[in-house]
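Here is what each chain is made of, one letter per residue.
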Amino acid sequence: MGNLAMIVYCCSDLIFSTKIRSTAEHLGVPSRPVRDAQMLRDRLDQVDDGKTSDPISGVLIDLDTGETGLALIEQAKAFDPSLPVIAFGSHVATALLETARGRGADTVMPRSQFTAQLPAILRAYAGPSV
């Protein structure tokens, strides 16, 4: 699997984090969680920590993580402006969704849409071999 690109994700709760991880595993897409700026930096720099450390091809940010998530969007885009970033959150949090777009998220969507499209999103960002 070393030639596949890796998805990283930041989620506010364990249940949603598990959903992303298990869907990625089912599809054969490498994925790793990030909880803060240092973890994202390590993933972007492919620091060898004994686990999957493939090049990152997409970043998924749960906007329920608040300012941490917004800062991670900016950090990912500062590292590589072409790195795709998807932010998702409550459909009623329109100001937060717009803030994420303003901070650099390429795609912003309600959580329900993200959940429905998760397998397709993971396949698209994992590259042609999935």
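The coordinates are above.
The rules behind these values
- Residues numbered from 1 in each chain as written.
- Predicted model: local features only at pLDDT ≥ 70, side-chain atom pairs only at ≥ 80, totals over all residues.
- Heavy atoms only, no water.
- Helix = DSSP H or I, 4+ residues; strand = E, 2+ residues; numbered from the N terminus.
- Expected span 1.5 Å × (residues − 1).
- Buried < 20%, exposed > 50% of the residue type's maximum accessible area, 1.4 Å probe, protein only.
- Arc of directions from axis to C-beta.
- Contact = heavy atoms within 4.5 Å.
- Polar contact = N/O pair within 3.5 Å; in protein donor to acceptor, adjacent residues only side chain to side chain.
- Phe/Tyr/Trp six-rings, centres within 6.5 Å; stacked < 30°, edge-to-face > 60°.
- Lys NZ or Arg CZ within 6 Å of the ring centre and 35° of its normal.

Draft legend 1. Structural view of helix H1 (residues 14–27). For H1, spanning 14 residues, the distance from its first C-alpha to its last is 20 Å, which sits close to the expected 20 Å at 1.5 Å a residue. Within the span of H1, buried status applies to Phe16, Ser17, Ile20, Thr23, Ala24 and Leu27. The arc that holds every buried residue of H1, seen down its axis, measures 135°, which confines them to one face. Counted as exposed and oriented over 90 degrees from the buried face of H1: Leu14, Ile15, Glu25 and His26. Of the surrounding elements, those touching the buried residues of H1 are strand E1 (6–10), strand E2 (31–33), strand E3 (56–62), strand E4 (85–89) and helix H5 (111–126). Its side-chain oxygen 3.2 Å from the backbone nitrogen of Ile15, Asp13 forms the N-cap of H1. Note on H1: the residue one or two positions beyond its end, Gly28, has a positive phi of about 75°.

Draft legend 2. Focus on unusual backbone geometry. Positioned with a positive phi, Gln46 is a non-glycine residue whose angle comes to about 55°. Structurally, Gln46 is set in the loop between helix H2 (37–44) and E3.

Draft legend 3. Inspection of the packing of aromatic side chains at higher detail. One pass over the structure, following the stated rule, counts three aromatic pairs. Arranged with centres 5.3 Å apart and planes meeting at 35°, the rings of Phe16 and Phe88 form a pair that is tilted. With Phe16 in helix H1 and Phe88 in strand E4, this residue pair connects regions lying 72 residues apart in the sequence. Look at Phe16 and you get buried, because its relative accessible area is 9%. On the basis of relative accessibility, which here comes to 0%, the residue Phe88 falls in the buried class. Judged by centre distance (3.9 Å) and plane angle (10°), the ring pair of Phe88 and Phe114 falls under stacked. Of this pair, Phe88 sits in strand E4 while Phe114 is found in helix H5, placing the two residues 26 residues apart along the sequence. Members of the aromatic cluster, connected to one another through ring pairs, are Phe16, Phe88 and Phe114. The positively charged end of Arg111 is found above the aromatic ring belonging to Phe16, 4.7 Å away from the centroid.

Bear in mind that shape data such as this cannot, by itself, settle questions of function.
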